[in-house]
Amino acid sequence: MPIQLEVRAVTVAYGGNPVVAEVSFVLVEGTIGCLLGPSGCGKTTLLRAIAGFEPVTAGEIWLHGRRVSAPGQTLAPEQRRVGMVFQDFALFPHLTVAGNIGFGLRGASRAGRRARVGELLELVGMADAAQRYPHQLSGGMQQRVALARAMAPRPEVLLLDEPFSSMDTELREGLAREVRELLKRDGITAILVTHDQLEAFAMADQIAVLGGGRVHQWGTGFGLYHEPADRFVADFIGQGVLLTGTVVDDLRVKTELGRVAGTRPHGLPQGQAVEVLIRPDDMLYDESSPRRATVVGRAFRGAEYLYTLKLGSGTQVLCLVPSHHQHALGDDIGVRLEADHLVVFPV
Amino acid sequence: MSDLAAPSPYPAAKATATARGWWGPGITALALTLALPVLVVIGFLFVPSGEVWQHLADTVLADYVTNSLLLMAGVTLGTLIGGVGTAWLTSMCRFPGRGFFEWALLLPMAMPAYIIAYTYTGLLDFAGPVQTSLRALTGWGYGGYWFPQVRSLTGAAVMLSLVLYPYVYLLSRAAFLGQSLCVLDVSRTLGNGPWRTFFTVALPLARPAIVAGLSLALMETLADYGTVQYFGVATFTTGIFRTWFGLGSAPAAAQLSAVLLGFVLVLILVERFSRRRARYHHTSQREQAIQRHRLTGWRAAAAFGFCLIPVLFGFLIPAGQLAWWAATIARTAYDTAFFALVLHTLALAAGTALLALLLALVLGYGRRLYPSRAVRASVRVAGLGYAVPGTVIAIGVLIPFAWLDRGIDNWMQATFGVSTGLLLSGTLAALIFAYLVRFLAVALQTVEAGLGKIRPSMDEAGRSLGYRPGEVLRRVHIPMLRGSLLTALLLVFVDVLKELPATLVLRPFNFNTLAVRAYELASDERLADCAPAALTIVLAGLLPVILLSRSITRSRDADTA
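Residues numbered from 1 in each chain as written. Chains lettered and ligands numbered in written order. Predicted model: local features only at pLDDT ≥ 70, side-chain atom pairs only at ≥ 80, totals over all residues.

A closer look at the overall build of chain A
When its secondary structure is counted, chain A shows 8 helices and 21 strands. If one aligns the C-alpha atoms of chain A with their principal axes, the spans along those axes are about 75 × 45 × 35 Å. Look at the contacts in chain A between residues 6 or more apart in sequence, and 64% of them connect residues 24 or more apart. (Helix = DSSP H or I, 4+ residues; strand = E, 2+ residues; numbered from the N terminus. Contact = placed C-beta atoms within 7 Å.)

Observations concerning helix α13 (residues 297-328) of chain B
By the largest-angle criterion, leucine 312 of chain B marks the main kink of α13 of chain B, which is about 50 degrees. Along α13 of chain B, the residues classified as buried are Ala303, Cys307, Pro310, Val311, Gly314, Phe315, Pro318, Ala319, Gln321, Leu322, Trp325 and Ala326 of chain B. (Bend = angle between axes of the 7 residues up to and from the residue. Buried ≥ 20, exposed ≤ 12 C-beta atoms within 10 Å, placed from the backbone.)

Notes on the nonpolar core
Ranked by internal contacts, the top residues of the largest apolar core, which has 267 residues, are Ile191 of chain A together with Ala360, Ala434, Leu440, Ala443 and Ala534 of chain B. The element that contributes the greatest number of residues to this core is helix α7 (residues 153-178) of chain B, accounting for 16 residues. With near-sequence residues (within four places) excluded, isoleucine 191 of chain A lies in contact with Leu27, Gly33, Cys34, Leu35, Leu47, Ile50, Val157, Leu159 and Leu160 of chain A. (Core = buried A, V, L, I, M, F, W, Y, C linked by C-beta atoms within 7 Å.)

Focus: the environment of threonine 503 of chain B
Residues and elements named next belong to chain B. Mapped onto the fold, threonine 503 is located in helix α22 (residues 501-506). A residue is classified by how many C-beta atoms lie within 10 Å of it, and threonine 503, with 24 of them, is buried. Put simply, threonine 503 and methionine 111 are 392 residues apart on the chain and 18 Å apart in space, counted from C-alpha to C-alpha. For threonine 503, the residues in contact, after removing those within four places along its chain, are Leu431, Thr513, Ala515 and Val516.

Overview of the interface of chain B and chain A
Of the residues lining the interface, 17 residues belong to chain B; the matching set on chain A comes to 21 residues. Among the secondary structure elements, those contributing two or more residues to the side of chain B that touches chain A are α19 (456-464) and α20 (469-480) of chain B. Of the residues forming the side of chain B that touches chain A, the biggest block, 6 residues, is contributed by α19 of chain B. The residue inventory of the side of chain B that touches chain A, partitioned by class, reads 8 nonpolar, 5 polar and 4 charged. (Nonpolar A, V, L, I, M, F, W, Y, C, P; charged D, E, K, R; others polar.)

Thoughts on the sheet that holds strand β3 (residues 32-36) of chain A
Residue and element names in this part refer to chain A. Sheet architecture is open: 6 strands sit in the order β7-β8-β9-β3-β10-β11, paired in mixed fashion. In this open sheet, the two edge strands, each paired with only one partner strand, are β7 (82-85) and β11 (214-219). Each strand axis lies, on average, 20 degrees off the axis of its neighbour in the sheet, ignoring direction. Bridge analysis of strand β10 (residues 206-211) against β11 gives 5 bridges, and the strand direction is antiparallel. (Pairing = 2+ DSSP bridges. Axes fitted to C-alpha atoms, helices over the stretch in contact; angles between N-to-C directions.)

What to know about the sheet that holds strand β18 (residues 304-310) of chain A
Residue and element names in this part refer to chain A. Spatial strand order, β16-β20-β17-β18-β19: 5 strands in an open sheet with antiparallel pairing. Each edge of the open sheet is held by one strand with a lone partner, namely β16 (283-285) and β19 (316-322). Direction aside, the axes of adjacent strands within the sheet are offset by 50 degrees on average. Alignment of β16 against strand β20 (residues 332-337), held across 3 bridges, turns out to be antiparallel. Paired with tyrosine 285 across the strands is valine 335, a residue of β20.

So, the pairing of β19 of chain A
One face of the sheet, then the other: side chains in a regular strand alternate in exactly this way. Residues and elements named next belong to chain A. Side chains of β19 alternate between two faces, with Val317, Cys319 and Val321 buried and Gln316, Leu318, Leu320 and Pro322 left unburied. Looking at chain direction, β18 and β19 are connected through 7 bridges and run antiparallel. In the strand pairing of β19, leucine 309 is matched with valine 317. Counting the residues that bridge the hairpin from β18 to β19 gives 5 residues, and of these glycine 314 lies at a positive phi of roughly 100 degrees.

Quick word on the packing of helix α15 (residues 336-369) of chain B against helix α16 (residues 373-382) of chain B
Residue and element names in this part refer to chain B. Direction vectors running N to C along α15 and α16 enclose 155 degrees, while the axes themselves pass 9 Å from each other. The orientation of α15 with respect to α16, classified from their angle, is roughly antiparallel. α16 is crossed by α15, and the crossing has left-handed handedness. Across the interface between the two elements, Leu363, Gly366 and Arg367 of α15 pack against Val375, Arg376, Val379 and Ala382 of α16. (Parallel < 35°, antiparallel > 145°, perpendicular 65-115°, else oblique. Left-handed = near helix turned anticlockwise from the far one by under 90°.)

Topic: the pairing of strand β13 (residues 252-255) of chain A
All names here are of chain A. Every second residue of β13 is oriented toward a common face, the buried set being Val253 and Thr255 and the non-buried set Arg252 and Lys254. Alignment of strand β12 (residues 241-247) against β13, held across 3 bridges, turns out to be antiparallel. Bridge pairing in β13 places threonine 246 opposite lysine 254. Between β12 and β13, which pair antiparallel and follow one another directly, the connecting turn spans 4 residues.

Some points on α7 of chain B
Over its 26 residues, α7 of chain B runs 36 Å from end to end, which matches the ideal 38 Å to within 8%, given 1.5 Å per residue. At valine 163 of chain B, α7 of chain B shows its largest bend, some 45 degrees, and a proline, proline 166 of chain B, comes one to four positions later. (Expected span 1.5 Å × (residues − 1).)

Topic: the confidence of the model for chain B
Residues and elements named next belong to chain B. Looking at chain B as a whole, its pLDDT mean stands at 84, while 92% of the residues score no less than 70. Low pLDDT, under 50, characterises residues 1-19; the predicted model gives this stretch 43 contacts beyond four residues in sequence or across chains. The complex model carries a pTM of 0.80, and its ipTM stands at 0.82. (pLDDT = per-residue confidence, 0-100.)

This is the structure:
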């Protein structure tokens, strides 16, 4: 697969203050990447640099074999062949749905334009609404029009800037999956910017976790959750606590909750004091277990309860338990640690 | 009407590194050109003008300053009482006719001060209908009774107040409506009556807005030429004319203009400062239907009378008088010459309005693309003209154009032996340039307010879909701004139609506009004959007033909804 987008050690700074610092990644054709991070991590700035709205201070951006950004050289956005879906959709209020979708098809013949607009209307399921105006559409419909408009000129890469942030939380994941299918069907290379990890998991093939302007980890959702590269990723993705322990050997660590074993060597010397990442799903409720913990907090999640448990040492851990097991605050319950992945950080 | 532009709810679109090209330098050059007249006038502060200035300083300068200050004092008094009082009554009280007055109080805005001055002179002069019937009724003879002299400084202050109070009315009305009702309610529950609440709470809260409105009215007062000239009150504007045409001294006229600009500058600063404070005086944003205090009996009648006076004397009576005069001479007045005059005045106003709109779009959009410090400063400078009196702009245009003409002429004579004479001075180009300097701000503010409501992501969407900035302007912004653009066109159009002093100075030989024609006829004491031209100006002036009152009615509907 050819490389569609390459970001090489890109830094974007305002007045000497780097917002994006030496970020590099590569996206091959047809993949969906994601820039995931808390607000202020530089993800939107990076996206805007790829679109050509922000100049880069250092590094280069290559798009389909063409260098589009370098210090002092910024190819105009209109010459980059990037499509962009904006957070507020930015539909043109004076144009119909069809007019919006056809807006970027400059130079196309009348028939060619109509054919492409029809194709996209069909693709996003908006054929019935072609002659309506943006203000007559629901949020979800507006979003599909925004997507179709950005896809219409067949961009080299499609950039999505928090496209679901104005949607109801319940709808987001479903929409993300829906959009993913649309993009995959057309083999479109895309980058999604979001702070919502569930959205990122639902939509992206590859996720870059950004914090403080740099990429902390680049990988799949599964990898980020179970094998976070550093504390920042461990903290930002999913829930969990860090439990102190000591290295037993290259695969095992001893903690208050017993030994935890991984499948890959962690390379730390024996006896080294470490912290082990414990996910709520690593903690199992087991009445027969000799290890006890006190319930100090609980949150009902529908199918499960998320309990906060206090261990003998006073350390608190999280534990996910099917919701038909009800425990009151102050109850002493039996727990067992069962982790497939060992994530340790030296103290 | 500059005061109605809403602040932009969005931060300025960020400059993109790719928005290079001619926008930045072009805007700076344009702004400098538009600032040229003011710069020329200020520049003359450093040019010695010798005896003429000394002569002026010894003789009339003190009069100019005194009269201008007295006039401003009179207008302050008149517009404050009229503007704040009516604003309070219509926004906070309920009495018969309130809904009508809410918009009718704007009507006098359609009346240029010099036109109202002509009509009242015709009405109240010795030979006018009022004194004639008074004599017929009482049998008094000439000199046997006292009657107020219209053509006086007091008269001028009254005339100006009658047409300028709507500035104060509009801004203080908005302030009263924007005030948190809770604050007023709290005052009432603490045992203050409506009067006490007004003076101790509402008025202090609205003060910045009132001051902003007042400074606009005072800028217009300083800019007035037609009224004071007709009434023989020696102020700066008439003084500048006399120095230029009577004494033939360009440097002295420019220096007088610079002193006048100093007055204006103070007003601009006061206005800016008050406006900034006004923003912080909105104590709550809660939308709430206003519970208006209900007036009955003599109170209702008094409120009705108080609101009626400015509408009656500021619009109904003078408009009626003009209509009457126009009707009496209708058979002869509306000839082909008159319609030709109307036609080319309209063409001039429309052409200027279009140009102003174009420049406003370039400046406003350029500033959006490129909010660099230089560009922002340039756009602000280009928009300063609205505060500068037409007389000052005329002097500031005439001097450099004459200098340029002489330069071209000398060069042509030296090189080709041909004399080109006056190429630019005394042409429509000079006149239109002066109009643009003065009225561009009106278009610019309207356009910028409209642009401010377009989210920056619209620009970016257009760019990412393959359009250059100019194309995005044409295909996205202009269609979205249609309403604002029409308003801007209309406002400049009417302002040009009403403009008098700059037109008097700069018009080409034998070229007349309606305003100049009315002025000439009135100066010849042919007051009835000036009515058709004056009435046409007033009718055109009604258009923006209708726009304004419609927006007021709309906001009222929103209040009660």
